[in-house]
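Report on the structure
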Amino acid sequence: MSSFIEFTTIALVLVYIGVAAWKICTCRTISGSIGVSCAFLIGGFFILPVAYSVATVLALIGAFFG
């Protein structure tokens, strides 16, 4: 169960990084790019606890129905 939570947490963080990189690359101006970078940087401080919580909930749902 613990390995599932760790794997899901890592996957969610990698998806967050991918979305951040894609969004930064699609900005048309430098100021927009800097703003989006700052927003994703600030969001990065919250993504790890949120990803861990989501992974735990998914594991509990899987244990309940599986």
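Here we summarise the structure given alongside this text.

Reading the values: rules and limits
- Note on numbering: residues in each chain are counted from 1, in written sequence order.
- For a predicted model such as this one, the threshold for reporting local features is a pLDDT of at least 70, and the threshold for listing and counting side-chain atom pairs is 80 or more; totals across whole chains, interfaces and linings nevertheless cover every residue.
- Note that water and hydrogens are dropped before the side-chain values are worked out from all heavy atoms of the structure.
- Note on ring pairs: Phe, Tyr and Trp rings are taken, using the six-membered ring of Trp, and paired if centres are within 6.5 Å. Classes follow the plane angle, with under 30 degrees stacked, over 60 edge-to-face and the rest tilted.
- Only DSSP runs of H or I with at least four residues qualify as helices, and only runs of E with at least two residues qualify as strands; both kinds are numbered from the N terminus onward.
- Each residue after the first adds 1.5 Å to the expected span of a helix.
- Contact between two residues is taken to exist if any of their heavy atoms lie within 4.5 Å; hydrogens are not considered.
- A residue counts toward a patch only above 30% relative accessible area and without a salt bridge, and it is joined to like-charged neighbours within 9 Å or, for Val, Leu, Ile, Met, Phe, Trp and Tyr, to nonpolar neighbours within 5 Å.
- Surface exposure here means Shrake-Rupley accessible area, sampled with a 1.4 Å probe, where a residue is shielded only by the protein chains that are shown.
- Any carboxyl oxygen of Asp or Glu that lies within 4 Å of a side-chain nitrogen of Lys or Arg is treated as forming a salt bridge with it.
- At any given residue, the bend is defined as the angle formed between two axes, one fitted to the seven residues that end at that position and one fitted to the seven that begin there.
- The buried label goes to any residue with under 20% of its type's maximum accessible area, the exposed label to any with over 50%, and the partly exposed label to all in between, with areas taken from a 1.4 Å probe on protein chains only.
- Interaxial angle, 0 to 180 degrees, is taken between N-to-C directions of lines fitted to C-alpha atoms, where a helix line uses only the stretch in contact.
- Should an angle fall under 35 degrees it is called roughly parallel, over 145 degrees roughly antiparallel, and 65 to 115 degrees roughly perpendicular, with every other angle called oblique.
- Note on convention: the crossing is left-handed when the near helix lies turned anticlockwise from the far helix by less than a right angle, right-handed when the turn is clockwise.
- As a working rule, the residues Ala, Val, Leu, Ile, Met, Phe, Trp, Tyr, Cys and Pro are called nonpolar, Asp, Glu, Lys and Arg charged, and the rest polar, with Gly in that last group.

This brings us to the packing of aromatic side chains. Tallied over the full model, the rule gives 2 aromatic pairs. Aromatic side chains Tyr 16 and Phe 40 sit 5.5 Å apart centroid to centroid with 65° between the ring planes, which places their arrangement in the edge-to-face category. Taken together, the residues Tyr 16 in helix α1 (residues 2-25) and Phe 40 in helix α2 (residues 30-65) connect sequence positions 24 residues apart. An angle of 80° between the planes, with centres 4.9 Å apart, marks the rings of Phe 64 and Phe 65 as edge-to-face.

Right, let's talk about α1 for a bit. Across its 24 residues, α1 extends 35 Å between first and last C-alpha, which sits within 8% of the 34 Å expected from 1.5 Å per residue. Against the buried residues of α1 lie α2.

Another point: a nonpolar patch on the surface. A contiguous nonpolar surface patch, about 880 Å² in accessible area, is contributed by Phe 4, Leu 12, Leu 41, Ile 42, Phe 45, Phe 46, Val 50, Val 54 and Leu 58. Elements represented by at least two residues in the nonpolar patch include exactly α1 and α2. In terms of residue count, the dominant contributor to the nonpolar patch is α2 (7 residues). Looking at the secondary structure, you find Phe 4 in helix α1.

Our focus in this paragraph is α2. Helix geometry: α2 is bent most strongly at Phe 46, by close to 40°, with proline Pro 49 lying one to four residues after it. Among the residues of α2, those classed as buried are Ser 33, Val 36, Ile 47, Ala 51, Ala 55 and Ala 59. Lining the buried residues of α2 we find α1.

As for its position among the elements, Thr 8 is in helix α1. What Thr 8 contacts, discounting residues up to four positions off in sequence, is Ala 55 and Leu 58.

Take the packing of α1 against α2 next. Working note: a packed helix pair is described by the angle between its axes plus the distance between those axes. Put simply, α1 and α2 touch, their axes get as near as 8 Å, and they point 160° apart. By the angle between their axes, α1 is roughly antiparallel relative to α2. Judged by the twist between their axes, the crossing of α1 over α2 is right-handed. Here the contact of α1 with α2 is composed, by residue class, of 19 nonpolar, 7 polar and 1 charged.

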